[in-house]
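Residue strings, one per chain:
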Amino acid sequence: TYHFMRNGHKIIDFIKAYASTLPAEDEHFVSSILSGLKRGFDVLFLTYITTSLIITAASFVGYSVFGAPHAFLLALLTGLFGFLPIFGVWMVYVPVAAYMYYIGNVFAAAGIMIFGVVVLTIFIPFILQPYMGAKKSGVSALTILLGFFSGPVIFGAKGLLLGPILFVITETVIVEYMRYRVSEKEGVENSVSET
């Protein structure tokens, strides 16, 4: 990701220069793949940033409702840990719940744990994030959800970054190839019907 961010414009310029030497159909296919790459990175960064902001706001509300001290600071930490894929939001809300239990507020501890698991760990990352990513990139939400789920399984912690990108690129290549084949078939049928 760092290499692509630093030298991405050179890579894209090289691919565009190469694509301009190809026939029009192939050039369209390559440019579609480039747009898939761009959509993949847009999904990754915009969705992670947006999700992190939503996690910050939601966790602030949760911490405030259950009376956790320093709710704003804890919300900022939760949003930061939600943005960093190696860590997770649980690294903030579990110690907060443990602290609330330690000081004798069992209701607040249980509430923070339930809120953290249901909203911060399940709903936002696995339902809201793929939905937002699909809406922003124009790719299937199922593709993004599969990327978020299978990326860490296949690649480990870095799969949280690689999974969605690779799945978006794969879907783009498959869809563009299918469009290319369908338009090629329609072109052949139109030329046969004209003769």
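Residues numbered from 1 in each chain as written. Predicted model: local features only at pLDDT ≥ 70, side-chain atom pairs only at ≥ 80, totals over all residues. Heavy atoms only, no water.

### A few points about the confidence of the model for the chain
A low pLDDT means the predicted coordinates there should not be read in detail. Per-residue pLDDT for the chain averages 79, and the proportion of residues at 70 or more is 74%. Mean pLDDT in the chain bottoms out at helix H1 (residues 2–19), which sits at 69, and peaks at helix H4 (residues 90–102), which reaches 94. (pLDDT = per-residue confidence, 0-100. Helix = DSSP H or I, 4+ residues; strand = E, 2+ residues; numbered from the N terminus.)

### Here we look at the environment of Thr51
Along the polypeptide, Thr51 turns up in helix H2 (residues 24–65). Along the sequence, Thr51 and Pro125 sit 74 residues apart, while their C-alpha atoms lie 7.5 Å from each other. Those residues in contact with Thr51, other than ones at most four positions away along the chain, are Ile124, Gln129 and Met132. (Contact = heavy atoms within 4.5 Å.)

### Brief notes about helix H6 (residues 141–155)
Between the first and last C-alpha of H6 there are 21 Å, a value that for 15 residues agrees with the 21 Å anticipated at 1.5 Å per step. Remark: the principal bend of H6, roughly 30°, maps to Phe149, with a proline, Pro152, within the next four residues. Burial in H6 covers these residues: Thr143, Ile144, Gly147, Phe148, Ser150 and Gly151. (Expected span 1.5 Å × (residues − 1). Bend = angle between axes of the 7 residues up to and from the residue. Buried < 20%, exposed > 50% of the residue type's maximum accessible area, 1.4 Å probe, protein only.)

### Remarks on the side chain of Thr78
As for its position among the elements, Thr78 is in helix H3 (residues 71–83). With relative accessibility at 0%, the residue Thr78 sits in the buried group. Apart from the residues lying within four places of it in its own chain, the contact partners of Thr78 are Ile55, Ser59, Tyr63, Val89, Val92 and Leu120.

### Overview of unusual backbone geometry
Phi is positive for His70, close to 60°, though the residue is something other than glycine. With respect to the secondary-structure elements, His70 resides in the loop between H2 and H3. For His70, a relative accessible area of 62% translates into the label exposed.

### Notes on the nonpolar core
Tyr63, Val96, Ile112 and Leu120 are the most contacted members of the largest nonpolar core, which has 22 residues in total. At the level of secondary structure, the elements contributing two or more residues to this core comprise H2, H3, H4 and helix H5 (106–137). Beyond its immediate chain neighbours, meaning those up to four positions away, Ile112 contacts Tyr63, Phe66, Ala68, Tyr93, Val96, Ala97 and Met100. Counting residues in hydrophobic clusters, the runner-up holds six residues, among them Tyr48, Ala134, Ile144 and Phe148. (Core = buried A, V, L, I, M, F, W, Y, C linked by side-chain atoms within 4.5 Å.)

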